[in-house]
Amino acid sequence: MPVLTEKTKAKEFETQFKVAENLIHNAVNYMHANGREIYGVTYCTANSNGVSIVEDCKNLEVFSEVLAEAFNGIRALNKYDNNWATTGHKYRTFSNSGEFKASLLDDGYMELINGMSIMIESGSASTLPIISIDINGPYKKPNRFGYDTFSFVIDKGDRVCPLGSPACKSSSYSKNPENYCSKTSKADNNGFTCGYFASTDKNYFKNLK
C-alpha cells in the first residue's frame, strides 16, 4: 500500500508540474496579446502597501502587479499579496536541511483557483524575473523545493524556461544547475533549479524519496 501511495503521489506531482509550466506560458502569452513585455523592462518591487521601496522607481510598474493582471486575465487569480513574507508560509530546501531562502520568494505572492500558489523574485534586465510555483498550494505538504515547488525564469524574448535550463539565460543557475538541485547541499537556495531536471528527466518524480 505505501508503494502504491508513493507512485500515485509521484504521478500527481508530475501532472501538476506540467500544468504549472503551461500556466506560466499562458500568462506570458496573455501579456503579449495585450502589448505587455517582461524581459528588458525595469520593474520595481513593492512593499506590503503596494508602494515602491526604491524611491528612484516610484514612476515604474511593480512586476508582481503586472503579472497578477495576466493571471486575472486567464481567470486564474484568487488572491494577491505583494509581500509573501507576511503570510508566514515557510518552504524547505531540496535536501530538507533547512528553510529555503525567503528573500528569493518575497516580491509578490498569489493563490490561484486551482490550488496552486505563486511566489516571485521580480528581477530586472540583468537578473531576470523568477517565478516559483507551489504545485499543490501552501496548505499541503511538503512545501519543499524540488518536490512540490519549482521555479521558472523569463528570458530574452519573454521565453519561459525552468530555472537552470541552458536554453534560457539565468546567471549562475544555468551554468551549474546540478549545484542547486542536490540531495546533499545545505545551501539555502538548494532546489531552485530542480524544475529543469523535472522537465528533462522522465523518471524525476518516480525517483523522489
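So, a few notes on the structure that sits alongside this text. (Residues numbered from 1 in each chain as written. Predicted model: local features only at pLDDT ≥ 70, side-chain atom pairs only at ≥ 80, totals over all residues. Heavy atoms only, no water.)

## Describing the state of the cysteines
Thought 1: All chains considered together, the criterion is met by two disulfides.
Thought 2: Across a sulfur-sulfur distance of 2.1 Å, Cys161 and Cys168 are joined as a disulfide pair. Measuring handedness by torsion sign, the sulfur bridge of Cys161 and Cys168 sits at about 65° and is right-handed. Exposure class is identical for Cys161 and Cys168. Each is buried.
Thought 3: What pairs with Cys181 in a disulfide is Cys194, and their sulfur atoms sit 2.1 Å apart. Since a negative S-S torsion denotes a left-handed disulfide, the Cys181-Cys194 link at about 105° is right-handed. Pair noted here: Cys181 is in the loop between strand 6 (159-162) and helix 3 (194-200) and Cys194 is in helix 3, with a separation of 13 residues, a long-range link.
Thought 4: Using a relative accessible area of 0% as the deciding quantity, one classes Cys194 as buried.
Thought 5: When the cysteines engaged in disulfides are numbered in sequence order, the chain pairs them as 1-2, 3-4. (Disulfide = S-S within 2.5 Å. Buried < 20%, exposed > 50% of the residue type's maximum accessible area, 1.4 Å probe, protein only. Helix = DSSP H or I, 4+ residues; strand = E, 2+ residues; numbered from the N terminus.)

## Re unusual backbone geometry
Thought 1: The omega angle of the peptide bond from Lys141 to Pro142 is 10°, so this bond is cis rather than trans.
Thought 2: Counting through the fold element by element, Pro142 comes out in the loop between strand 4 (130-134) and strand 5 (149-155).
Thought 3: The phi angle at Asn96 is positive, at roughly 60°, despite the residue not being glycine.
Thought 4: For Asn96, the position within the fold is in the loop between strand 1 (77-81) and strand 2 (109-112).
Thought 5: The class for Asn96 is partly exposed, based on a relative accessible area of 37%.
Thought 6: The phi torsion at Asn143 lies on the positive side, around 50°, for a residue other than glycine.

## Section: the sheet that holds strand 3 (residues 117-121)
Thought 1: Here six strands make up an open sheet; going across it, the order is 1-2-3-4-5-6 and the pairing antiparallel. Here the strands that pair on one side only, and so sit at the sheet edges, are strand 1 and strand 6. Pairwise comparison of adjacent strand axes, ignoring direction, gives a mean angle of 25° for this sheet.
Thought 2: Across four bridges, the pairing between strand 1 and strand 2 is antiparallel. Across the sheet, the residue bridging to Tyr80 is Met110, located in strand 2.
Thought 3: Against the sheet, helix 2 (residues 63-73) contacts strand 1, strand 2, strand 3, strand 4 and strand 5, and its axis sits at roughly 170° relative to strand 1. (Pairing = 2+ DSSP bridges. Axes fitted to C-alpha atoms, helices over the stretch in contact; angles between N-to-C directions. Contact = heavy atoms within 4.5 Å.)

## Notes on the environment of Asn29
Thought 1: The residue Asn29 is located in helix 1 (residues 2-33) in this model.
Thought 2: Taking C-alpha positions, Asn29 is 8.8 Å from Ala70, a pair spaced 41 residues apart along the chain.

## Description of the environment of Phe71
Thought 1: Position of Phe71 relative to the elements: it lies in helix 2.
Thought 2: Its relative accessible area of 0% is what places Phe71 among the buried residues.
Thought 3: A C-alpha to C-alpha distance of 5.9 Å links Phe71 and Ala27, two positions 44 residues apart in sequence.
Thought 4: If sequence neighbours within four positions are ignored, Phe71 has contacts with Leu23, Ala27, Ala76, Leu77, Met110 and Ile118.

## With respect to helix 2
Thought 1: Buried residues of helix 2: Phe63, Ser64, Val66, Leu67, Ala68, Ala70 and Phe71, and no others.
Thought 2: Just downstream of helix 2 lies Arg75, where phi reads positive at about 55°.

Function cannot be inferred from these measures alone, as they are strictly geometric.
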